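Observations on the model geometry
Here is how the chains run, residue by residue.
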Amino acid sequence: MSLNAVPSADRIHIGIFGKRNAGKSSIINAVTGQSLAIVSDIKGTTTDPVQKAMELLPLGPVVIIDTPGLDDEGELGTLRIRKAYQVLNKTDIAVLVIDRSAGMTAEDKRILEKIQEKKIPYVIAFNKSDLNTNGQECKLSESADPSRCISVSTLTGENIRELKELIAKQVPSAGTEKHIAADLIHPGDFVVLVIPIDSSAPRGRLILPQQQTIRDILEAGGAAIAVRDTELQDTLARLGMKPALVITDSQAFKKVSAIVPQDIPLTSFSILFARYKGNLETVVHGARTLDLLQDGDKILISEGCTHHRQCEDIGTVKLPGWIRKHTGKELLFEFTSGTEFPDDLGQYRLIIHCGGCTLNEREMKYRLQCACDQTIPITNYGTAIAHMNGILNRSIAPLNKRSS
Ligand code: SF4
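Scope of this entry: the structure provided in the associated data block.

Side note on the overall build of the protein chain
- From N to C terminus, the protein chain includes 13 helices and 14 strands.
- Out of the 404 residues belonging to the protein chain, those deemed buried represent 52%.
- Intrachain contacts of the protein chain at a sequence separation of at least 6 include 74% that bridge at least 24 residues.
- Roughly 19300 Å² of accessible area belongs to the protein chain as shown, and the carbon and sulfur atoms make up 51% of that amount.

Listed below in structure tokens is the structure:
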């Protein structure tokens, strides 16, 4: 990702679905004007979902996700279809590609039902309009909305521009503007960000949530001062005035809370992001479940990506250790990462999720909803750590005092 690119999690995710040979890949290439997908006449060329961030006019920054064919066969094929369906959990707009000459099949109807059940805005592209269908009109499923359907040809370019416009029309309205920290401060305020630079910090850069928070503070007219935990005390002493807010990395919570005087509001990046993604209440409730754990309880620790460099051993090593120490109980831990998130959560007493900085809002909400539907408490790393350090109440207090 280039330095000034929109983070993937904040882009509109467009999932392209359809049977093998419906022409999904050619549609992607025609719409994007890029050779993103592998186009082949051989059925089932896309075996795993492939995604790419790009600018797509008239939409702006998007992520296009090409999915495996919905009619894939064999044991592996079934797994691929499952992966295609999993993509729905992060899809903001679904494009269902149907071979017009073959018509709408059972596989197409099945995914359309899922798309509608999940209330995902969609477009149906009847591809290969150049093929002669002897005047036979392609039959739509009764539930398909005709105003979302369009006939296209990637061979002749017919209606490709119109398809893009139809996709753009499905963009959910922006709703109220959300902030990370901007609504907690006033123009001219100082905000101190505590960012430990240890072995788990990526080399040569700040991680995405830290960059986004700094940007948000600057947009609000505030001044962001970033320090390591080792320089915090000295920085506070030399500032000459109280900062409006201190935001810390969760791992340094305990140390930072001991340094920052009680009359200075203190919170963490993960708590700010839980609020930003609309999950704060759920994760605070989940964190309090840590006090109710019993011997033999199973805990799922789930990470949103598989590149662990940013979170290193927090999930698999440090967190289980802290939880065992906090509870004094014999607990069982299971771990998942990346796109894998179990459908059946019934065996778990608690789920602890990472900050999910690479997941978009729809996917994070889906995971939370899965847990809520099955009445399994869910929290995140930072909120759990704040609770175990006895400073959860302190770290959510600044969020209740929004600036006016
Ligand atoms: S998605 Fe989760 S595990 Fe991956 S870098 Fe972000 S917070 Fe860490």
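Details of helix 10 (residues 314–327)
- Among all positions of helix 10, only Ile-314, Gly-315, Leu-319, Pro-320, Ile-323 and Thr-327 are buried.
- Phi turns positive one or two residues past the end of helix 10, at Gly-328, with a value near 70°.

With respect to the packing of aromatic side chains
- In the structure shown here, the tally under the stated rule is one aromatic pair.
- Ring centres of Phe-273 and Tyr-276 lie 5.7 Å apart, and the angle between their planes is 75°; on these two criteria the pair is classed as edge-to-face. Here Phe-273 pairs with Tyr-276, and both are found in helix 8 (residues 269–276), just three residues apart, close to one helical turn.
- The cationic tip of Arg-148 hangs over the ring face of Tyr-122; the distance from NZ or CZ to the ring centre is 4.6 Å.
- Sitting above the plane of the Tyr-276 ring, Lys-178 keeps its charged end 4.8 Å from the centroid.

Observations regarding the packing of helix 9 (residues 280–288) against helix 13 (residues 392–400)
- Across the interface, helix 9 lies against helix 13 with an axial gap of 12 Å and an inter-helix angle of 170°. On the basis of the axis angle, helix 9 is roughly antiparallel to helix 13. The residues of helix 13 that touch helix 9, namely those facing Leu-280, Val-284, Ala-287 and Arg-288, are Leu-392, Asn-393, Ile-396 and Leu-399.
- Its residues assigned to classes, the contact of helix 9 with helix 13 shows six nonpolar, one polar and one charged.

Digging into the sheet that holds strand 4 (residues 93–99)
- Pairing in this open sheet of six strands is mixed, and the strands run 2-3-1-4-5-6 from one edge to the other. The open sheet has two free edges, formed respectively by strand 2 (50–56) and strand 6 (149–151), since each of these has just one partner strand. Looking at each pair of strands side by side, their axes are set apart by 25° on average, direction ignored.
- Seen against the sheet, helix 3 (residues 106–117) touches strand 1 (12–18), strand 4 and strand 5 (122–127) and runs at an angle of roughly 165° to strand 4.

Each value, and the rule that gives it
Residues numbered from 1 in each chain as written. Predicted model: local features only at pLDDT ≥ 70, side-chain atom pairs only at ≥ 80, totals over all residues. Heavy atoms only, no water. Helix = DSSP H or I, 4+ residues; strand = E, 2+ residues; numbered from the N terminus. Buried < 20%, exposed > 50% of the residue type's maximum accessible area, 1.4 Å probe, protein only. Contact = heavy atoms within 4.5 Å. Areas by Shrake-Rupley, 256 points an atom, 1.4 Å probe, with all protein chains shown as cover. Phe/Tyr/Trp six-rings, centres within 6.5 Å; stacked < 30°, edge-to-face > 60°. Lys NZ or Arg CZ within 6 Å of the ring centre and 35° of its normal. Axes fitted to C-alpha atoms, helices over the stretch in contact; angles between N-to-C directions. Parallel < 35°, antiparallel > 145°, perpendicular 65-115°, else oblique. Nonpolar A, V, L, I, M, F, W, Y, C, P; charged D, E, K, R; others polar. Pairing = 2+ DSSP bridges.

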